[in-house]
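# Observations on the three-dimensional arrangement
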Amino acid sequence: MNKSEEIKEILVEYPQYQEALFVRGYLITNDDFSNLNSYPFYGYWNHSELGKLEDGNVLNIYYHSKQDFFIYKEGDIIAAIIGHAYNPFDMKYDEVEILKDCIAEFKKGRKAFFEKVSELTGIHLIVLNDRGKLIVLQDCAGMKACYYGLIQNRLCITSHPQLAADIYNLQMDRNIEELIRKWFFSLTGRYLPGDLSPYKELRRLGPNTFIHYNSKFELKRFYPTKEHPEINPDQYKETTRQIADLINRNIRLCAQKWERPAISLSGGIDSRTTLACANGLYDKFKYYSFHSKPQEVQDANAAHRICEEIGLKHEIYAIPENNTDIDDFEILKKIIFHNSSYIDAPRDHEIRKFIYLYRLNDFDVELKSWISEIGRAMLEKKVGVKLPKNLTPRHFSIFQTRYFGSMKLLKHADYHYKDYLKRINLEQPLYNYEHPDFFYWEFRWGSWGSNVVTVQNIFNHTVTMPLNNRKLIDMFLWFPHDYRKQNMVNKEIIRHSNEQLANLDISVANNYLRWNRICIEKLYYYYRTCFYKS
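If you're wondering where the values come from, they're calculated on a predicted model, not measured in any experiment.

## With respect to the nonpolar core
Ile28, Phe113, Leu275, Ile371 and Phe443 are the most contacted members of the largest nonpolar core, which totals 188 residues. Looking at this core, the element that brings in the most residues is helix α14 (residues 435–456), giving 10 residues. Other than its neighbours up to four places away in sequence, Phe443 contacts Tyr191, Gly194, Arg204, Phe396, Tyr417, Tyr420, Leu421, Ile424, Leu426, Phe438 and Trp448.

And the structure:
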């Protein structure tokens, strides 16, 4: 029995979980599905039309009932947002108004359009149909997953490769199937080389690129288009203030946009950055942490102490420690794996957390403090060596995962990174941007991060990321490398926003930056790069 048949049988026996299948998913296609009551839709999906393609075929979008969807038409142009968006530059958070602005800028030219979408925060996919020609792009870090391709001569743009596989009976690529079964695939987070998906028919769209469709797909880069400012110490304070103000404005928009917002916290510097920037809005939010394994208890307790010190109520959710304490654990685990297209394979303690939050109804949105790692030179800190200015395809392969004892799969990864880097014009650093930063931005977050968000879509609440803004993240990169590597940008944001929080001596060590782990990373780095020739 294949995976889809197994899931079908499960959902016949447990119809209460049919809504969880491909939750918050979408499918854009010129195919027509008249019956949305059967597998894999089960009556939980909606349908809308996004105009017509140049060949006259209707462009359909099917989207899960929990997936936010907004559409606006002006003349011959139709634009849609799948997900949510808000703009800290003009303080708009109504997606239809944002779409009006996007179309207005598009009429001025593509450059103006891409400038406008780079102002947006949130987790979203933007689709624009200009008289049958499509433009599709993601949020800053590509957190709204997008895979695209032609399947049986039908256009397919989807959040879940497995959704397309179930509909069209696709077979998983043998090399990918071998890779995801390897024990080492989970060592640094599960994601695939280049823009691969589990199925040859589909490719992954990544951050800072867009797909143009006009009878065929073309992949193009739209950011960056020029060198970023390189600021001097006299400009640090003012730039820090600007970043802090943008984050605060994003948090303010979240308080206006949702009725029961919450900020999830750890003891790390990213969480403290968000918490500090929420100053002046503290009464608008709930604050919480969770622990689903022993190592997370210290993190949750640190967040609790930080909140106590600055006078905020903070709740810790203790996730059950045993699978047997979670109703229908094995059933929901299989659905979660299926939703991940088997790229991700969360461990049991994570599955318990996901199911717990699937059933929790204490808030309607979670502000998650992700993305600013892009601006902290994290890759170099994790590897523990001074990285070259120009990374090779081999670097991208070994940063993705540890190919122990599998030269065949390593060379397979090298090949696909080389091909993809050429297609997105990233074979060399762009302008004065650092190559390792773009690995972290477009692969670590754009691939691994979007996989995680897709799995977490099972949560009962929406997830947003107030730092997931292209113009904001760009500003982090204006500071010198070593200054960023020492977390000084974040530290100064915290000090500017909440000096009391900045002065607290409460922190938690990052497990990825422990000396023993860095030593292992360093040894593997030298082992796999010393004799490599691109």
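We are not done yet, so read on.
## As for helix α9 (residues 329–339)
Counting buried residues in α9 gives nine out of 11 residues, a clear majority hidden from the surface. The elements touched by buried residues of α9 are α1 (3–13), α4 (161–168), α10 (348–359) and α14. Looking one or two places after α9, you find Ser341, whose phi comes out positive at around 60°.

## Topic: the packing of aromatic side chains
Counted according to the given criterion, the structure contains 43 aromatic pairs. Taking the centre distance of 5.8 Å and the plane angle of 50° together, the rings of Phe33 and Phe41 count as tilted. Here the two residues Phe33 and Phe41 agree in accessibility, since each one is buried. Taking the centre distance of 4.6 Å and the plane angle of 15° together, the rings of Phe114 and Phe222 count as stacked. Separated by 108 residues along the polypeptide, Phe114 in helix α3 (residues 110–117) and Phe222 in the loop between β12 (217–221) and α6 (233–257) bring together distant segments of the chain. What makes Phe222 buried here is its relative accessible area of 7%. Taken together, the ring pairs connect Phe396, Phe399, Tyr417, Tyr420, Phe439, Phe443 and Tyr525 into an aromatic cluster. The lysine or arginine in question, Lys257, covers the ring of Trp258, its NZ or CZ lying 5.6 Å from the ring centre.

## Focus: the pattern of salt bridges
Scanning the model with the defined rule gives 29 salt bridges in all. Of the charged contacts in the structure, one is a salt bridge between Arg241 and Glu238, with a shortest N-O distance of 2.6 Å. Of the two residues, Arg241 and Glu238 both sit in helix α6, three residues apart, roughly one turn of that helix. Judged by relative accessible area, Arg241 falls into the partly exposed class, the value being 34%. In this structure Glu238 comes out as partly exposed when scored by relative accessible area, which is 36%.

## Digging into the sheet that holds strand β1 (residues 26–29)
The sheet built from six strands is open, its strands ordered β2-β3-β1-β9-β8-β10 with antiparallel pairing. Across the chains shown, the open sheet's two edge strands, defined by having one partner strand only, are β2 (45–52) and β10 (203–204).

## Comments concerning the packing of α6 against helix α17 (residues 488–497)
Where α6 contacts α17, the axes come no closer than 9 Å and their chain directions differ by 70°. Of the possible angle classes, the one that applies to α6 and α17 is roughly perpendicular. Touching Thr240, Arg241, Ile243 and Ala244 of α6 are Val489, Glu492, Ile493, His496 and Ser497, all from α17. Here the residues of the contact of α6 with α17 are counted per class, giving four nonpolar, three polar and two charged.

## Re the sheet that holds strand β16 (residues 365–367)
With parallel pairing, the five strands of this open sheet are ordered in space as β15-β14-β13-β16-β17. Only two strands of the sheet have a single neighbouring strand rather than two, namely β15 (315–318) and β17 (462–464). Pairs of neighbouring strands in the sheet enclose a mean axial angle of 35°, with direction left out of account. As paired strands, strand β13 (residues 261–264) and strand β14 (residues 286–291) are joined by three bridges and run parallel to one another. From the neighbouring strand, Ile263 faces β14, where its bridge partner is Tyr287.

Conventions we followed
- Residues numbered from 1 in each chain as written.
- Predicted model: local features only at pLDDT ≥ 70, side-chain atom pairs only at ≥ 80, totals over all residues.
- Heavy atoms only, no water.
- Core = buried A, V, L, I, M, F, W, Y, C linked by side-chain atoms within 4.5 Å.
- Buried < 20%, exposed > 50% of the residue type's maximum accessible area, 1.4 Å probe, protein only.
- Helix = DSSP H or I, 4+ residues; strand = E, 2+ residues; numbered from the N terminus.
- Contact = heavy atoms within 4.5 Å.
- Phe/Tyr/Trp six-rings, centres within 6.5 Å; stacked < 30°, edge-to-face > 60°.
- Lys NZ or Arg CZ within 6 Å of the ring centre and 35° of its normal.
- Salt bridge = Lys/Arg side-chain N within 4 Å of Asp/Glu carboxyl O.
- Pairing = 2+ DSSP bridges.
- Axes fitted to C-alpha atoms, helices over the stretch in contact; angles between N-to-C directions.
- Parallel < 35°, antiparallel > 145°, perpendicular 65-115°, else oblique.
- Nonpolar A, V, L, I, M, F, W, Y, C, P; charged D, E, K, R; others polar.

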